[in-house]
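Structural overview
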Amino acid sequence: MTLFSLARKNIARNFSQYFLYIASMVFSIVIYFTFVTLKYSDIVSEMTKSSQKMGSLMSGAAVVLIFFVAIFIAYSNSFFMKKRKKEVALYALLGVRKRQIGFMLFFENLLLGVFSLVIGVFLGFLSSKLFVTVLIRLMGYDVVAPFTFSTEAVINTASVFLIIFFITSFQGYRLIYQFKLIDLFHASKKGEVAPKPSWVIAILGVISIGTGYWLALQNLLTSEAWRILGMFTPLIILATVIIGTFLLFHSVTGFVLTLFKRREKWLWKGLHLMTISQLLYRVRGNARTLTVIAILSATTVTAGGAVYSLYYNINDNVKLTDPNTFMYEQTANVDNDKVTSLLPTTKYDENISALFVTFEAKQLESAMSIDEDKRIYTVINETTYNKLARLQQKEELNLKGNKATIIDVQYHESLSPKYAGKTITSKKGTSITLEGYHEVPVLNLMAGMTLVVTDAQYKELEKQGESVQFRAIGVDNATTDLSKKIASALPEKAQFSSAPEDYQSGIEGMGSLLFIGSFLGLVFLAATGSIIYFKVLTEAEEDKSQYNMLYKMGVGAREMRKTVASQVFVIFAVPLVIGLAHSAVALTAFSKLFSMDFTKPVIIWMLAYTAIYGIYYVLTVYSYNRIITQNNKREG
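What you are looking at is a predicted structure, and each value in this text was computed from that prediction instead of being measured.

**Here's the deal with the overall build of the protein**
- A tally of helices and strands in the protein yields 21 helices and nine strands.
- Residue burial in the protein is summarised as follows: out of 636 residues, 49% are buried.
- Taking all contacts inside the protein whose residues are at least 6 apart in sequence as the whole, residues at least 24 apart take part in 82%.
- Carbon and sulfur atoms provide 62% of the accessible area of the protein, an area that totals close to 31,400 Å².

**Let's talk about the packing of aromatic side chains**
- Tallying each qualifying case throughout the model produces 13 aromatic pairs.
- Here Tyr419 and Tyr437 contribute two aromatic rings whose centre-to-centre distance is 6.2 Å and whose plane-to-plane angle is 50°, an arrangement assigned as tilted. Here Tyr419, found in the loop between strand 4 (404-407) and strand 5 (423-426), pairs with Tyr437, found in strand 6 (residues 431-438); they are 18 residues apart in sequence, far enough to count as distant.
- What makes Tyr419 buried here is its relative accessible area of 3%.

**Focus on helix 16 (residues 382-391)**
- For helix 16, the complete set of buried residues consists of Glu382, Thr384, Tyr385, Asn386, Leu388 and Ala389.
- Note on helix 16: the residue one or two positions beyond its end, Gln393, has a positive phi of about 60°.

**Some details on the confidence of the model for the protein**
- Taken residue by residue, the protein gives an average pLDDT of 78. The fraction at 70 or more is 78%.
- Below pLDDT 50 for its whole length, residues 190-194 participates in 14 contacts with residues either more than four positions away or in separate chains.

**Observations regarding the environment of Ala527**
- Looking at the element boundaries, Ala527 is found in helix 19 (residues 499-552).
- Using a relative accessible area of 2% as the deciding quantity, one classes Ala527 as buried.
- Along the backbone, Ala527 and Ser76 are 451 residues apart, and their C-alpha atoms lie at a distance of 8.9 Å.
- The residues contacting Ala527, other than those within four sequence positions of it, are Phe68 and Phe72.

**Considering the pairing of strand 8 (residues 466-474)**
- By the bridge criterion, four bridges tie strand 1 (residues 326-329) to strand 8 in an arrangement that is antiparallel. Looking across to strand 8, one finds that Met327 is bridged to Ala472.
- Judged from the nine bridges that link them, strand 2 (residues 348-360) and strand 8 form a sheet pairing that is antiparallel. The partner of Phe356 across the bridge, within strand 8, is Glu466.

**Quick notes on the nonpolar core**
- Ranked by size, the top nonpolar core spans 92 residues in total, and within it Phe35, Leu65, Ile73, Phe161, Phe515, Tyr613 and Tyr624 carry the most contacts.
- With 21 residues, the single largest contributor to this core is helix 19.
- When residues no more than four places from it in sequence are discounted, the contact partners of Ile73 are Tyr21, Met25, Ile164, Phe165 and Thr168.

**With respect to unusual backbone geometry**
- Despite not being glycine, Asn477 shows a phi value in the positive range, around 55°.
- Even without being a glycine, Gln495 presents a positive backbone phi close to 50°.
- Assignment of secondary structure puts Gln495 in the loop between helix 18 (480-488) and strand 9 (497-498).
- Judged by its relative accessible area of 40%, Gln495 falls in the partly exposed class.

**Observations regarding the pattern of salt bridges**
- Scanning the entire structure with this criterion turns up four salt bridges.
- With its nearest N and O atoms 3.7 Å apart, the salt bridge here joins Lys347 to Asp476. Taken together, the residues Lys347 in the loop between helix 15 (336-342) and strand 2 and Asp476 in the loop between strand 8 and helix 18 connect sequence positions 129 residues apart.
- Residue Lys347 is classed as exposed on the basis of its relative accessible area, which comes to 52%.
- The shortest N-O distance in the salt bridge between Glu396 and Arg390 comes to 3.4 Å.
- On the accessibility criterion, Glu396 (37% relative accessible area) is partly exposed.

**Details of the environment of Gly210**
- Within the secondary structure, Gly210 sits in helix 8 (residues 199-217).
- Taking C-alpha positions, Gly210 is 8.6 Å from Thr240, a pair spaced 30 residues apart along the chain.

**Section: the layout of surface pockets**
- The computed volume of the largest pocket comes to approximately 1,100 Å³.
- For the lining of the largest pocket, the secondary-structure elements that each account for two or more residues are helix 14 (314-321), strand 3 (374-381), helix 19 and helix 20 (557-594).
- Top contributing element to the lining of the largest pocket by residue count: helix 14, with six residues.
- Considered class by class, the residues forming the lining of the largest pocket number 21 nonpolar, 12 polar and eight charged.

**What about the side chain of Ser483?**
- Structurally, Ser483 can be placed in helix 18.
- Polar contacts involving the side chain of Ser483 include one to the side chain of Ser498, which spans 2.6 Å.

**Side note on the packing of helix 13 (residues 287-312) against helix 20**
- Running from N to C, helix 13 and helix 20 point in directions that differ by 40°, and their axes come no closer than 7 Å. Considering their axes alone, helix 13 and helix 20 lie oblique with respect to each other. Read as a crossing pair, helix 13 and helix 20 show a hand that is right-handed. Within the contact between the two elements, helix 13 uses Leu290, Ile293, Ala294, Ile295, Ser297, Ala298, Val301, Thr302, Gly305, Ala306 and Leu310 and helix 20 uses Ile571, Pro575, Ile578, Gly579, Leu580, His582, Ser583, Ala586, Leu587 and Phe590.
- Classifying every residue of the contact of helix 13 with helix 20 by side-chain character gives 15 nonpolar, six polar and no charged.

**A look at a nonpolar patch on the surface**
- Taken together, the side chains of Val114, Val118 and Leu162 make up a nonpolar region of the molecular surface, amounting to roughly 230 Å² of accessible area.
- The exposure class of Leu162 is partly exposed, given its relative accessible area of 37%.

Basis of the calculations
Residues numbered from 1 in each chain as written. Predicted model: local features only at pLDDT ≥ 70, side-chain atom pairs only at ≥ 80, totals over all residues. Heavy atoms only, no water. Helix = DSSP H or I, 4+ residues; strand = E, 2+ residues; numbered from the N terminus. Buried < 20%, exposed > 50% of the residue type's maximum accessible area, 1.4 Å probe, protein only. Contact = heavy atoms within 4.5 Å. Areas by Shrake-Rupley, 256 points an atom, 1.4 Å probe, with all protein chains shown as cover. Phe/Tyr/Trp six-rings, centres within 6.5 Å; stacked < 30°, edge-to-face > 60°. pLDDT = per-residue confidence, 0-100. Pairing = 2+ DSSP bridges. Core = buried A, V, L, I, M, F, W, Y, C linked by side-chain atoms within 4.5 Å. Salt bridge = Lys/Arg side-chain N within 4 Å of Asp/Glu carboxyl O. 1 Å grid on protein atoms, 1.4 Å probe; cavity = no way out; pocket = protein on both sides within 12 Å on 5 of 7 lines; lining within 4 Å. Points joined across faces, edges and corners; volume = space filled by probe spheres on them. Nonpolar A, V, L, I, M, F, W, Y, C, P; charged D, E, K, R; others polar. Polar contact = N/O pair within 3.5 Å; in protein donor to acceptor, adjacent residues only side chain to side chain. Axes fitted to C-alpha atoms, helices over the stretch in contact; angles between N-to-C directions. Parallel < 35°, antiparallel > 145°, perpendicular 65-115°, else oblique. Left-handed = near helix turned anticlockwise from the far one by under 90°. Patch = residues over 30% accessible without salt bridge, like charges linked within 9 Å, V, L, I, M, F, W, Y side chains within 5 Å.

Listed below in structure tokens is the structure:
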């Protein structure tokens with residue numbers, strides 16, 4: 001029997017144990033192959049007309065994916081090597097040469113890799129149509145993509161993953177040379193050292209995370225801490241949260257579990273004593289692994305939640321910045337009749353009189369407008385604003401005390417001026433006092449910052465500014481095709497503004513980011529779930545003798561399953577909850593910075609992540625129980 005055939009038989013015999021490892025690798029290969037296929041896809045380039053940008057995004061995502069998958073495969077492979085050490089020791093004890101054992105492990109791992117590569121590329125090809133269609137739909141196009149097979153994508157994927165598999169296979173080859181025979185026999189009994197909990201470390205962990213949270217939630221423009229720490233603040237936040245998370249698993253969870261252990265009434269019911277005792281070791285002993293899981297979960301949820309929130313709010317943002325479906329300035333050479341002939345039935349079609357007036361605005365200096373004394377505002381009167389507001393079904397203004405108001409859709413509490421009570425003065429000395437600001441515009445953003453004044457003030461300003469006419473049009477279900485036809489009928493000086501085109505531009509950019517972020521997130525999630533799965537099942541092999549003893553003592557299978565489920569639940573739930581807490585703080589800071597409400601999209605994203613993460617929990621509990629049940633039947 002050759003070493004190659006022995007490796008093949010080992011894989012066939014232990015395939016059920018390798019299944020999730022293979023499935024995770026296959027999934028990673030499918031995603032990478034998809035990115036590379038999209039990079040070379042003509043239909044994506046043609047539909048988006050931004051192939052260079054998309055190509056850069058795909059290339060960047062592919063690099064991140066390669067780096068992460070390489071670490072994941074190496075990490076997963078180390079778990080399997082630990083599990084195989086006893087078997088390797090038996091081969092050595094039977095007289096098999098180290099070189100032969102090394103080659104057997106090398107071939108075995110390489111076979112797993114090549115098998116995963118073939119399956120991954122095949123499934124990637126089958127799913128390429130779906131993935132391309134998803135991308136196109138996310139970018140706002142109603143197109144069904146054809147099947148595409150890219151030779152370049154196959155060569156690229158095969159080259160990258162064969163290198164990764166070769167390196168990890170060499171890691172297996174070196175195993176027999178790294179340990180003494182006695183160490184290999186006792187390897188399964190060696191876990192991470194379980195440190196003793198310390199009150200000092202526990203307090204430091206809470207303070208560290210609290211410091212990171214506090215810094216993250218500070219206003220970065222007005223916070224004294226951000227001013228002092230400067231550009232190092234994000235790095236400090238990241239460091240304190242990671243260190244705090246490790247210390248949390250190191251000691252804080254140990255004290256919490258110890259409190260449960262002191263509840264004697266509860267402790268002596270069922271197998272609670274065994275559950276708490278094992279968790280005290282598992283959580284503290286696996287502090288590093290659980291920290292990695294928590295940070296990966298936080299990173300995945302934060303990045304994905306931020307992109308999905310921006311994508312989710314695109315329509316509302318366009319409605320805010322472009323309240324009119326179409327709007328343009330009526331310059332001398334504009335053919336309004338030609339534009340009218342292109343329009344379908346309209347909700348409204350209004351000619352708007354406005355003024356461009358330059359004001360001295362020293363009182364309106366802010367963090368974003370230092371030493372900007374002169375400002376040009378688009379001025380409209382209260383009657384014009386209210387007329388458009390009624391047409392757009394918005395609340396009307398009621399200016400009091402002969403005061404004006406600024407329409408500032410991009411108002412930010414820290415960046416924008418404090419408008420209330422401030423005075424601006426025109427070149428000819430007309431003073432306008434502001435009652436505040438208003439965030440509901442009736443003119444598109446192309447008109448610039450709008451100042452709404454009383455009708456009397458408007459008449460006074462008419463001789464002090466440049467008169468301008470806008471045409472504001474409201475159309476139901478307008479398309480980008482209609483927008484392009486109108487744009488072609490207008491000169492560039494008309495500064496044509498189109499809500500459909502702005503929406504399409506936003507949905508295209510954020511849709512591509514959402515696609516990449518979602519699939520990278522899925523790979524991170526698959527790897528995260530797999531790492532816990534491998535870790536828990538390795539511990540299941542160590543614990544099966546204890547459960548067999550309980551079985552012989554008459555403990556029922558139901559009680560043991562309940563114990564397993566509760567133990568594994570804690571191992572899965574604690575890093576997930578901590579990761580979600582980290583991401584909630586990060587996304588809260590992000591939403592404050594952009595002055596947007598991310599609550600609904602973030603909750604949706606977190607629930608989706610938790611649901612998929614939960615699948616790994618169910619699979620792990622099932623596999624754990626299967627190991628115990630089979631051992632109990634075998635041992636009697």
